[in-house]
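Residues per chain, in single letters:
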Amino acid sequence: MLIITLPDNSKKSYKKPVTSFQIANDISTKLASEAFVSYVNGELWDLARLIETDSIVSILTKKNEEILKIIRHDAAHIMAEAVLELYPDTQVTIGPAIENGFYYDFYREKSFLMNDIELIEKRMHEIVDRDEKIEREVWTRNEALDFFKKNNEIFKVELVNAIPEEETVTFYRQGNFVDLCRGPHAPSTKKLGHSFKLTKLAGSYWRGDSNNPVLQRIYGTAFLNDKDLNNYLVMIEEAEKRDHRKIGKQLDFFHLQEEATGSVFWHQKGWVIYLEIEAYMRRKLNISQYSEVKTPQVIDRSLWEKSGHWEKFKEHMFMAKGDDDKTLALKPMNCPGHVQIYKQGLKSYKDLPIRMAEFGSCHRNEPSGALHGIMRVRQFTQDDAHIFCMDSQITSECVQFCELLQEIYKDFGFNDLRVKFSDRPATRAGDDQTWDKAESALLVAIKAANLDYTLNPGEGAFYGPKLEFVLTDAIGRDWQCGTLQVDFVLPSRLGASYIDQDGQKQQPVMLHRAILGSLERWIGILIEQHSGRMPLWLAPVQVVLCSIVDSTNNYIYSIQKELNKVGIRNEIDLRNEKIGYKIREHSNKAIPIIVVIGKKEEEKSNVAVRYLGSNNQEILGMNQFIEGLVKKCLPPDLK
RNA sequence: GCUGGGGUAGCUCAGGGGUAGAGCAAUUCAUUGGUAAUGAAUAGGUCGGAGGUUCAAUUCCUCUCCUCAGCACCA
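Quick notes on the rules
Residues numbered from 1 in each chain as written. Chains lettered and ligands numbered in written order. Predicted model: local features only at pLDDT ≥ 70, side-chain atom pairs only at ≥ 80, totals over all residues. Heavy atoms only, no water. Helix = DSSP H or I, 4+ residues; strand = E, 2+ residues; numbered from the N terminus. Buried < 20%, exposed > 50% of the residue type's maximum accessible area, 1.4 Å probe, protein only. Contact = heavy atoms within 4.5 Å. Areas by Shrake-Rupley, 256 points an atom, 1.4 Å probe, with all protein chains shown as cover. Phe/Tyr/Trp six-rings, centres within 6.5 Å; stacked < 30°, edge-to-face > 60°. Domains from an automatic or database assignment. Buried area = accessible area lost by both parts, 1.4 Å probe. Near = heavy atom within 4 Å. Polar contact = N/O pair within 3.5 Å; in protein donor to acceptor, adjacent residues only side chain to side chain. Nonpolar A, V, L, I, M, F, W, Y, C, P; charged D, E, K, R; others polar. Pairing = 2+ DSSP bridges. Axes fitted to C-alpha atoms, helices over the stretch in contact; angles between N-to-C directions. pLDDT = per-residue confidence, 0-100. Left-handed = near helix turned anticlockwise from the far one by under 90°.

Re the overall build of chain A
Stage number 1. Scanning chain A from terminus to terminus reveals 20 helices and 35 strands.
Stage number 2. For chain A, the C-alpha atoms occupy an extent of roughly 90 × 80 × 55 Å along the three principal directions.
Stage number 3. Going through the 639 residues of chain A one by one, you find that 49% of them count as buried.
Stage number 4. Considering only contacts in chain A between residues 6 or more positions apart, those separated by 24 or more positions represent 68%.
Stage number 5. A total accessible area of about 31800 Å² is found for chain A, and carbon and sulfur atoms account for 48% of it.

Now the structure itself:
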């Protein structure tokens, strides 16, 4: 006797082992036809898998969110089947469902081209229509090994080899395609339906290691119906319009060109944003008792050798030849320079903590494939600082930093940031006790700032653990912005010390920290966040004054004079164009406030104000308008 | 760096072995108008760069640079 408990707590009893499909069928034939998989005691199972003990079972249909993952995984298998049918010289490797879709990595001498993708997609639709049964099989590990060896599938052999000898593995068979897979899957290829699309073709590496063979990855996405699929595709299209590279060009913020690959040409409008942000950060750092410094751009090789950068980072450093055949390097980081300033003169424990800040312009020779607009560049400016402190000050400094960071992110409108915590790696400097202290300081800081985090186990730097503060771009890619790293190593390598209460020489700890990360990346993220419609305090042009007829030009000049006096960034548009044309053009240029001035306004010393994104207009007295505007344009920390 | 796309007017893009195309922008003229495109005319190009094949290359081939997507990288 076998008792099956259903979600509504009703029970069914069976004399023999039963499948979820039978159970569904006993409830209603409709449910059986709509079922994809089931939960059996909280685990996802195939419908055809035999349940042999008393169990809690629920049947999943399209209404359950989990199904999306299942059909995307189905889609990956169906794609692999299609690829093997069309290109039998291919080896399959792995193919998971991922956020928003799925991919499969293939190994094949010849590259897939874009037309291949179309053929594969077509074949997938055929396989769906074939309604092939998808069946689960349990094999011993050695059977699996023999099978893959016989077929010369070296990648699968490697996967199976990693499995302990006594264990069994599961296979899924559909048509002539068999794949090693944990499952579960829907009962038939037909269940996928036709709401899928292959999206991208890209290279990847076996097991994510660039020393391994290159694989070809085909990405796709699948949904439960065409409407969801189309919504998704439209959403991606919309998101692409927020791309900072596109907007940067449209709004005349910056440009990039071949002769300076990976370095930004800031135009006047973009540079205004940059300067406003820098000024804001200076105010915040002053209040937080940082002192700002500036260190050399080009430094002799010997210092980089002492700091360890030469050994670990040489390939990424730009070199310059000096006199006497000296090798110089453009600084990729600011820390060694800051230690040199720290080392000038003896430091006492009473001097600590020392918080040394720099808007440090760094050069790194990033691999060409890593470059991305102004988000990943070869020359960038960090809002960098190093806090030299005693062990006993680490925690409070970390807490203060996280609070400051959060305050600043809020001012820029980022309320939900994500934190990654990278703890001790296998090979590291410093003893476990010191690591304990540093890791717990970071954790205390996260908690004090009321932040959630995800753990990156073993991903810390060899010199200490770190926090990474991550923001997301328009199409969902993660970018590390802020960071906080505890460093036990550099101070000793570069000989930084202080005298403690007992007159003994001690080594300070160094906290590397940045809040925005790089000004370039930060502005890129901001542009995408706002689709180019920057908040008033950052808008390159805050107001544009538009005429309707040219008889009011003198009145407009007089308003402009007043705006200039109070530091409102403005433009005037006296062109011989219709007002509708001007409104449209300035709206497209994302200018936050358009002021229209005609004869009516001039007569009473008024202005007609129109805010971006609104069709309303507000008639205000000129003085009243300017007074209000000055307040609105204040940076968030001065409001 | 790796795999696959792409580079044509200021911008967005079409084309394709035989004098290079559109829309928008620009310039000129007319229009002085009331809240997201007034009309007409004109001008605009080493078809990313270097080699090669050809009577002829922007088009085909080779190399190279840049760029896009993903992978790897981001100390």
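Here the narrative resumes, following the displayed structure.
With respect to the packing of aromatic side chains
Stage number 1. For the coordinates displayed, the defined rule picks out 28 aromatic pairs.
Stage number 2. Aromatic side chains Phe148 and Phe171 sit 5.6 Å apart centroid to centroid with 25° between the ring planes, which places their arrangement in the stacked category. Note that Phe148 is positioned in helix 5 (residues 141-150) and Phe171 in strand 12 (residues 168-174), a separation of 23 residues in sequence.
Stage number 3. Centroid distance Phe412 to Trp522: 5.2 Å. Interplanar angle 80°. Geometry classified as edge-to-face. Taken together, the residues span a long stretch of sequence, with Phe412 in the loop between helix 13 (394-411) and strand 24 (418-422) and Trp522 in helix 16 (residues 519-530) at a distance of 110 residues. There is no split in this pair, since Phe412 and Trp522 are both buried.
Stage number 4. Each residue in the set Tyr280, Tyr409, Phe412, Phe414, Trp522 and Trp537 is aromatic and connected to the rest through ring pairs, giving one cluster.

What to know about the domain arrangement of chain A
Stage number 1. Assigned domains within chain A: domain 1 (2-60), domain 2 (67-241), domain 3 (254-529) and domain 4 (543-638).
Stage number 2. Its C-alpha centre places domain 3 at a distance of 42 Å from the equivalent point of domain 4.
Stage number 3. Contacts between the two partners involve seven residues from domain 3 and, on the opposite side, six residues from domain 4.
Stage number 4. Both faces considered, domain 3 and domain 4 share a buried interface measuring about 540 Å² in area, 54% of it formed by carbon and sulfur atoms.
Stage number 5. On the domain 3 side of the contact with domain 4, Glu276, Arg283 and Asp411 bury the most area, a combined 59% of that side's loss.

Let's talk about the protein's contact with RNA strand B
Stage number 1. Taken together, 56 residues surround RNA strand B, and among them Met333, Arg364, Ser368, Ile548 and Asn576 come closest.
Stage number 2. A breakdown of the atoms of RNA strand B within 4 Å of the protein gives sugar and phosphate a share of 50%.
Stage number 3. A distance of 3.0 Å separates a base oxygen of RNA strand B from a polar atom in the backbone of Gly203.
Stage number 4. At a separation of 3.1 Å, a base nitrogen of RNA strand B approaches a polar backbone atom of Gly369.
Stage number 5. Listed by contribution, the elements that provide at least two residues to the surface near RNA strand B are strand 14 (196-205), strand 15 (214-222), helix 8 (244-250), helix 11 (309-313), helix 18 (579-588), helix 19 (599-603) and strand 34 (606-611).
Stage number 6. Tallying contributions element by element places helix 18 first for the surface near RNA strand B, with seven residues.
Stage number 7. Split into classes, the residues belonging to the surface near RNA strand B amount to 22 nonpolar, 17 polar and 17 charged.

Observations concerning the sheet that holds strand 31 (residues 543-547)
Stage number 1. Read from one edge to the other, the open sheet built from five strands follows the order 32-31-33-34-35, with strand pairing classed as mixed. Both edges of this open sheet fall to strand 32 (570-573) and strand 35 (618-621), since each of them pairs with a single strand only. Pairs of neighbouring strands in the sheet enclose a mean axial angle of 30°, with direction left out of account.
Stage number 2. Pairing of strand 31 with strand 32, which is carried by four bridges, proceeds in the parallel orientation. Counterpart to Leu545 in the pairing with strand 32 is Ile572.
Stage number 3. Strands in contact with helix 18 are strand 31, strand 32, strand 33 (593-597) and strand 34; relative to strand 31, the strand with the most contacts, it is inclined by about 165°.

Some words on the confidence of the model for chain A
Stage number 1. With 100% of its residues at a pLDDT of 70 or more, chain A has an overall mean of 94.
Stage number 2. Across the assembled chains, the prediction reports ipTM 0.94 with pTM 0.94.

Let's talk about the environment of Gly183
Stage number 1. Residue placement: Gly183 occurs in the loop between strand 13 (177-180) and strand 14.
Stage number 2. Expressed as a C-alpha distance, the spacing of Gly183 and Asp8, which sit 175 residues apart in the sequence, is 26 Å.

Focus: the pairing of strand 13
Stage number 1. Alternating positions in strand 13 separate into two faces, Phe177 and Asp179 on one and Val178 and Leu180 on the other, with burial throughout.
Stage number 2. Bridge analysis of strand 12 against strand 13 gives four bridges, and the strand direction is antiparallel. Bridge assignment links Gln174 to a residue of strand 13, and that residue is Phe177.
Stage number 3. If you look at the hairpin formed by strand 12 and strand 13, you'll find two residues sitting between the two strands, and Gly175 has a positive phi there, around 55°.

Examining the pairing of strand 33
Walk down a regular strand and you will see the side chains alternate between the two sheet faces.
Stage number 1. Across the five residues of strand 33, five count as buried, placing the element largely inside the fold.
Stage number 2. Where strand 31 and strand 33 come together, five bridges link them in parallel fashion. Bridge pairing in strand 33 links Ser547 to Ile597.
Stage number 3. Taken together, the four bridges between strand 33 and strand 34 define a ladder with antiparallel strand orientation. Of the residues in strand 34, the one forming a bridge with Ile593 is Tyr611.

Comments concerning the packing of helix 13 against helix 14 (residues 432-448)
Stage number 1. Where helix 13 contacts helix 14, the two axes come as close as 8 Å, and the packing angle between them is 35°. For the pair helix 13 and helix 14, the crossing hand works out as right-handed. Between helix 13 and helix 14, the contacting residues are Ile394, Thr395, Cys398, Val399, Cys402 and Glu403 on the first element and Ala441, Leu442, Val444, Ala445, Ile446 and Ala448 on the second.
Stage number 2. For the contact of helix 13 with helix 14, a count of residues per class yields ten nonpolar, one polar and one charged.

Observations concerning the sheet that holds strand 18 (residues 291-292)
Stage number 1. Judged by pairing direction, the sheet is mixed, and its eight strands sit side by side in the order 18-22-23-30-27-26-24-25 without closing on themselves. The two strands at the open ends of the sheet, each matched to only one other strand, are strand 18 and strand 25 (453-456).
Stage number 2. Across five bridges, the pairing between strand 27 (residues 478-487) and strand 30 (residues 509-518) is antiparallel. What sits directly across from Val486, in strand 30, is Leu511.
Stage number 3. With respect to the sheet, helix 14 is in contact with strand 24, strand 25, strand 26 (466-472) and strand 27, its orientation differing from that of strand 24 by roughly 170°.
Stage number 4. The strands that helix 16 touches are strand 22 (354-363), strand 23 (379-389), strand 26, strand 27 and strand 30; relative to strand 30, the one it contacts most, it runs at about 40°.

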